[in-house]
Amino acid sequence: MWIKKLHIYHFGKFHSLKMDQLSPGPLFISGENEAGKTTLKNFITCMLFGFPSKVTNERRYEPKDGNRIGGSITIHTDSYGDLTIERVAGKAAGNVTVYGEGGLQGGEELLHTVLKGMDRSLFQGIYCFGLEGLQEIEKLSSEQLGDYLLSAGMTGSRELQQLESQLEKRQSMLFKPGGKKPVINELLQQLESTEEELRTWRRKNEEFQPSLQELKMTEAAIRETEAEKKKLQDHWYNTKKWKSVLPALQKWKEHQLALQTLPENSFPENGLHRLEQLQEKRLDVEGELLVFQNRVQEIEKQLKAIHINEEVLFAESLIVSAGQKSHDLERLMGEKHGWVQKAELVQLEARRLLEETGFRGETDELEQLNTGLAPKNELLMLIKKADLLDQKKGWLDQELENARGRLESAEEGLRQQKGRVIEDQEFHKLKERAERDSANRRLLVEREQLQAVLANPNASSDSKSLLPLLVFSILAAACLIYLAVKGELFGTALFAVVLGAGAYFWIKSSHRKNEPYSAGTHNKELLAKIRTLEDELSGLSSITELDMISERYADERAKRAELERMRNEAKRLEHSYQQQAANYDKLELEQYENEAAVVQWCNINQYKGPWRNLLIPGYFEKIEKLKESVLERKQLLLNIAQADERISGILKEADTLTHRLRLPEGSSYQGKITEARLLLQQEKEKLQVQEALKDKLNTAADHLNEQLSKKQSYDLEINTLLSQAKAKTEEDYRLIGGRAETRKRTMELLEQTSLQLQSFGYTGEDVQELAVTLLDKDFNVDKEHAFSEEQLKEKELQMKKLQRKSAELSLVLQTLQDEESYSECLQRYENLRNVLKDQAKMWSVHRIAADLLKKTKEQFHAERLPAIIQQASQYFTRITNGKYVQLYLSGGGQDALELERHDGVRFHPGELSRGTAEQLYLCVRLSLASLYQKESLPLIVDDITVNFDAVRTKHTLDLLTSMGSGKQLIFFTCHEHLFRDRPELPVITLKKQEGAYRQEGAFS
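Residues numbered from 1 in each chain as written. Predicted model: local features only at pLDDT ≥ 70, side-chain atom pairs only at ≥ 80, totals over all residues. Heavy atoms only, no water.

A. Expanded view of the overall build of the chain. The secondary structure content of the chain amounts to 28 helices and 14 strands. Taking the intrachain contacts of the chain between residues at least 6 apart in sequence as the baseline, contacts between residues at least 24 apart amount to 74%. With the model as given, the accessible surface of the chain reaches about 62,100 Å², and the carbon-plus-sulfur share is 52%. (Helix = DSSP H or I, 4+ residues; strand = E, 2+ residues; numbered from the N terminus. Contact = heavy atoms within 4.5 Å. Areas by Shrake-Rupley, 256 points an atom, 1.4 Å probe, with all protein chains shown as cover.)

B. Quick peek at the environment of Thr97. Following the sequence through the fold, Thr97 ends up in strand E6 (residues 95–100). Measuring from C-alpha to C-alpha, the distance between Thr97 and Leu111 comes to 8.5 Å, with 14 residues separating the pair along the chain. Residues within four places of Thr97 in sequence aside, it is in contact with Thr84, Ile85, Glu86, Gln105 and Gly106.

C. The environment of Leu526, seen in detail. Relative to the assigned elements, Leu526 resides in helix H17 (residues 523–537). Each C-alpha atom of the pair Leu526 and Gln451 lies 8.0 Å from the other, and the pair is 75 residues apart in sequence.

D. Up close: helix H20 (residues 669–724). With 56 residues, H20 extends 81 Å between its outermost C-alpha atoms, agreeing within 8% with the 82 Å of an ideal straight helix rising 1.5 Å per residue. Looking one or two residues beyond H20, the residue adopting positive phi is Lys726, at roughly 60 degrees. (Expected span 1.5 Å × (residues − 1).)

E. The arrangement of the confidence of the model for the chain in detail. In this model, the chain carries a mean pLDDT of 77, and residues with pLDDT of at least 70 account for 83%. Throughout residues 137–146 the model reports pLDDT below 50, and contacts reaching past four residues in sequence, or to other chains, amount to 17 contacts. Per-residue pLDDT stays below 50 along residues 459–465; that stretch engages in 3 contacts with residues further than four places along the chain or on separate chains. (pLDDT = per-residue confidence, 0-100.)

F. Local environment of a negative patch on the surface. Side chains of Glu276, Glu280, Asp284 and Glu288 sit close together on the surface and give a patch of like negative charge. Following the sequence through the fold, Glu288 ends up in helix H8 (residues 271–304). On the accessibility criterion, Glu288 (36% relative accessible area) is partly exposed. (Patch = residues over 30% accessible without salt bridge, like charges linked within 9 Å, V, L, I, M, F, W, Y side chains within 5 Å. Salt bridge = Lys/Arg side-chain N within 4 Å of Asp/Glu carboxyl O. Lys, Arg positive; Asp, Glu negative; His and termini not counted. Charge placed at Lys NZ, Arg CZ, Asp CG, Glu CD. Buried < 20%, exposed > 50% of the residue type's maximum accessible area, 1.4 Å probe, protein only.)

G. Structural view of the UniProt feature "coiled-coil region" (unreviewed entry) in the chain. In this structure's numbering, the residues bearing the UniProt feature "coiled-coil region" (unreviewed entry) are residues 184–235, 523–590, 673–707 and 785–819. Here residues 673–707 runs as 100% helix and 0% strand, with 51 Å between its end C-alpha atoms. (UniProt positions renumbered as here; feature names shortened; annotations may be inferred.)

H. Local environment of unusual backbone geometry. In the Ramachandran plot, Tyr61 falls in the positive-phi region, its phi being about 55 degrees despite a non-glycine side chain. Tracing the chain through its elements places Tyr61 in the loop between helix H1 (37–49) and strand E4 (70–77). A positive phi is found at Asp943, a non-glycine position, where the angle reads about 45 degrees.

I. Structural context of the sheet that holds strand E9 (residues 884–890). Pairing within the open sheet is antiparallel, and its 3 strands lie in the order E9-E10-E11. Pairing within the sheet leaves two strands with one partner each, and these edge strands are E9 and strand E11 (906–907). Across the sheet, helix H25 (residues 865–879) touches E9 and strand E10 (896–901), and the angle it forms with E9 is around 160 degrees. (Pairing = 2+ DSSP bridges. Axes fitted to C-alpha atoms, helices over the stretch in contact; angles between N-to-C directions.)

J. Representation of the sheet that holds strand E1 (residues 2–11) within the structure. Taken in spatial order, the 6 strands make up an open sheet running E2-E1-E4-E5-E6-E7, and their pairing is antiparallel. This sheet does not close on itself; its edge strands, each paired only once, are strand E2 (14–19) and strand E7 (105–106). In this sheet, E4 lies alongside E1 in antiparallel orientation, the contact comprising 7 bridges. Paired with Ile8 across the strands is Gly71, a residue of E4. Where H1 meets the sheet, it contacts E1, E2, E4 and strand E5 (81–88), and its direction lies at approximately 100 degrees from that of E1.

K. Region of interest: the nonpolar core. Ranked by internal contacts, the top residues of the largest apolar core, which has 80 residues, are Leu6, Phe123, Leu926 and Leu939. It is helix H26 (residues 914–931) that provides the largest number of residues to this core, a total of 8 residues. Ignoring any residue separated from it by four or fewer positions in sequence, one finds Leu926 in contact with Phe129, Tyr875, Leu939, Leu959, Leu960 and Met963. Grouped together as the second largest cluster of nonpolar side chains are 18 residues, Ala350, Leu369, Ile383 and Leu626 included. (Core = buried A, V, L, I, M, F, W, Y, C linked by side-chain atoms within 4.5 Å.)

L. Fine view of helix H22 (residues 764–774). Considered for burial, the residues of H22 that qualify are Val767, Leu770, Ala771 and Leu774. In a view along the axis of H22, the buried residues occupy a sector of 105 degrees, so they form one face of it. Of the exposed residues in H22, the ones pointing more than 90 degrees away from its buried face are Glu765, Glu769 and Val772. (Arc of directions from axis to C-beta.)

M. View of the side chain of Thr961. Looking at the element boundaries, Thr961 is found in helix H27 (residues 950–963). For Thr961, a relative accessible area of 19% gives the class buried. For Thr961, the side chain forms a polar contact with the main-chain oxygen of Asp958, separated by 2.9 Å. Among all residues touching Thr961, those that are not within four sequence positions of it are Pro26, Leu969, Arg982 and Leu985. (Polar contact = N/O pair within 3.5 Å; in protein donor to acceptor, adjacent residues only side chain to side chain.)

N. Representation of the environment of Ala92 within the structure. Topologically, Ala92 is positioned in the loop between E5 and E6. It is 8.2 Å that separates the C-alpha atoms of Ala92 and Pro52, two residues lying 40 residues apart in sequence.

O. Up close: the pairing of strand E3 (residues 26–31). By the criterion of burial, E3 is predominantly enclosed, with 6 of the 6 residues buried. Two strands pair when backbone bridges link them, and E3 and strand E13 (residues 969–973) are joined in this way by 5 bridges, in the parallel orientation. Pairing of Leu27 across the sheet is with Ile970, part of E13. By the bridge criterion, 4 bridges tie E3 to strand E14 (residues 987–990) in an arrangement that is parallel. Counted as the bridge partner of Phe28 is Val987 from E14.

P. Inspection of the packing of aromatic side chains at higher detail. Following the criterion strictly, the structure yields 5 aromatic pairs and no others. Measuring from ring centre to ring centre gives 5.0 Å for Phe11 and Tyr61, while their planes differ by 15 degrees; the resulting arrangement is stacked. Taken together, the residues Phe11 in strand E1 and Tyr61 in the loop between H1 and E4 connect sequence positions 50 residues apart. As far as burial versus exposure is concerned, Phe11 and Tyr61 are alike and both buried. Relative to Phe907, the ring of Tyr884 lies with its centre 6.2 Å away and its plane at 75 degrees, an arrangement referred to as edge-to-face. A residue pair is termed long-range when its members are at least 10 positions apart, and Tyr884 in strand E9 and Phe907 in strand E11 qualify at 23 residues. (Phe/Tyr/Trp six-rings, centres within 6.5 Å; stacked < 30°, edge-to-face > 60°.)

Following this line, the structure appears as structure tokens:
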């Protein structure tokens, strides 16, 4: 699997960032500090395994501008092809959607299947890591470092080691053999102490039970006596209450007997009072009837005296309308005057614009001109284009003139340069002589050497070799000193051997070269060779002559090169001139097309004037204002005509109203309206008086009818009362009513006494029973009350004796008791047992987990760890360039890690330098990644070579790039020198910006 594309919607400082240059194999992503390298690495992790929850300590990279975090990555897998994983903020780790080829779509389950069960911690432990894991090494002691590296070899991180330490710590906190402070140890001590207290309580209970049994019997007797006392108290209270109730009960009995002597009748309720009220009301109604009859007659006389002119009332709407239109008439007259003045001003403005624009057409033609927003914008674009074309034409004229001048100047220079160059035949001869220069120089040197030997035959050629030998010796000594200082003993020895062998063979060669001259060569042979060399030199006497030929040849070559350059420059300038001329022709064509577009615009938008004037700046705006003035004047004239029509109508309506109401002729419009209003006001006042009298008449008639109805109603009610009482006259009605009042008062007194008895808590049935008991002549309430009081005192004395005995028994039991009871001690014992049981269960869980973890580590040590250590050993040897040759698992259970140097010395990881320890940790992680083959995931590392020297950094990068040949390797770094010498590797550079990163310019 490898990552093809990244698209960050919003994540940390990035938003709207796309990166599609990713490829399989090694890849560098470079950037300065705070450029976003670590953010990009964590974005990949979040897309694959979700956003961290808010309760964790991991950074969530939520954008500062409030946008929702999210993005997508595209990966390529062998099983599913290309897949796009999109994850945005939502519930838990975010809402994820996976899109694949052929319409494949899914969520977390599909992504889990694609990653083959890989989770975040395993991915970060094996495939994705940075300085965090490397820098943890310096925090560990030498003893902890070996365990840390072994833990990293199992899971890629120290989580397994931390889990093992936590389990051991929790077991020790719960239970430790021979300990006192752990929880279970303290509980065992408390349980033993509580059990001893429980045995002491059981011994006390053997003495406690008899006294306790006697106390219970006494308390039962107290409760029984208490119940009997309660009954006596209730009877004593009842006899006391009977003494208070007896007078009311006697009155109740008397009222019942009196009520039996009065017969029951059907006299109306409150009948006498009702009769008196009805008689008084009937008398009042008869007086009101007389008053209203007189009032009706008076109002009818006043109505007959009023006379109304109906014609004036019928014309009320016309009078009101005419009054309202008087204001309209004044307004119309004022508006008409204003419109007339404004029309004159507009006419003057139109004449001024006609003179400025020189427009000679009819003004009606301007009304047809289309000055809408779209045509106006189109014309402005054409004017702007014409102006730009004019500017461009001026610029092209200047450029064409400059190009012509440069071309003529170049052609003139070319003609002059041709005159400075020699003929081709003469140049070829000079070239042949110059080409023989090196051979002639060698012959001259050899001739001079032979002449020198001939002149001094005893001079040794050894002096010629002294200077090269001296230089060679100095360089060799410097190299030996440098290798010795660097500590490369093997390299120093090897270089010394090679240096000695080279010196030996060089000296032997020098002796062989000098042997022909030192072996006694004859002078004749030397002279013959000198003559042969002079024949080959063809008259050349010295090296100075050769130098002059070489200088002349070089000068001629430079002139010819300059000639060729000037020819090329002339061709280029001619091509540039032709291109400028073509641009000028193209510009003229664009001007013609633009002018045709202006003419077409005039035809479409009904412009009848000269079209060239439209290209004058500001001309169209004045034509537009002229059109507005013409239209405005036309509208003003129309308004004036409409105002004249409305004024004429108002005056005509006023004349009609004057004739209808017979008003005086010849007065003004306002005078006619005023007289009509006065006449209308008089008639309306008469009408109001008439309406008021009619209302009064109706009101008086209603009151009269109302009083008649009341009198009939009162007569009917009086007859109803007599009928109900079965009385023929009102006098009989009063006698029957007296007897009914007496019976009513007796019933009220009986009700009062019943309520009084109920206040003592007796119901109706209780009162009947109580009357039978208390009103019996043989029953005496005072004697019964005295007898109850005597029995109650005897029970109280008996109660005090029992309470005294209970107190004595309780005191005896109190001496056998402590502050804590037996039941409390027993409860505390049971609670301690339950707590101990729970803690033991928890300790068992931790112990089982630790045993399972131990067995898992043992199985891993036996099956997979040797292969991981062997692979890590190869990587470490390669990074250290053979300084360390092997990693070993040592110790009884092979739970310790050791390193062997090339000289056989072994080291514990804690003895290494910080940089070397980090390199060892890196090798263990890389070994685990290379052997973990659930899915060939990308290997992502972040600036892991910070503490490496230059040599080991190079070896580390060589190792990583060789591993990346079969899988994707993404290396984040802020050091450009790491990839500067590796041009074959792709590099993506993140650019640091002040704001958030966007797609444009975010990387290169």
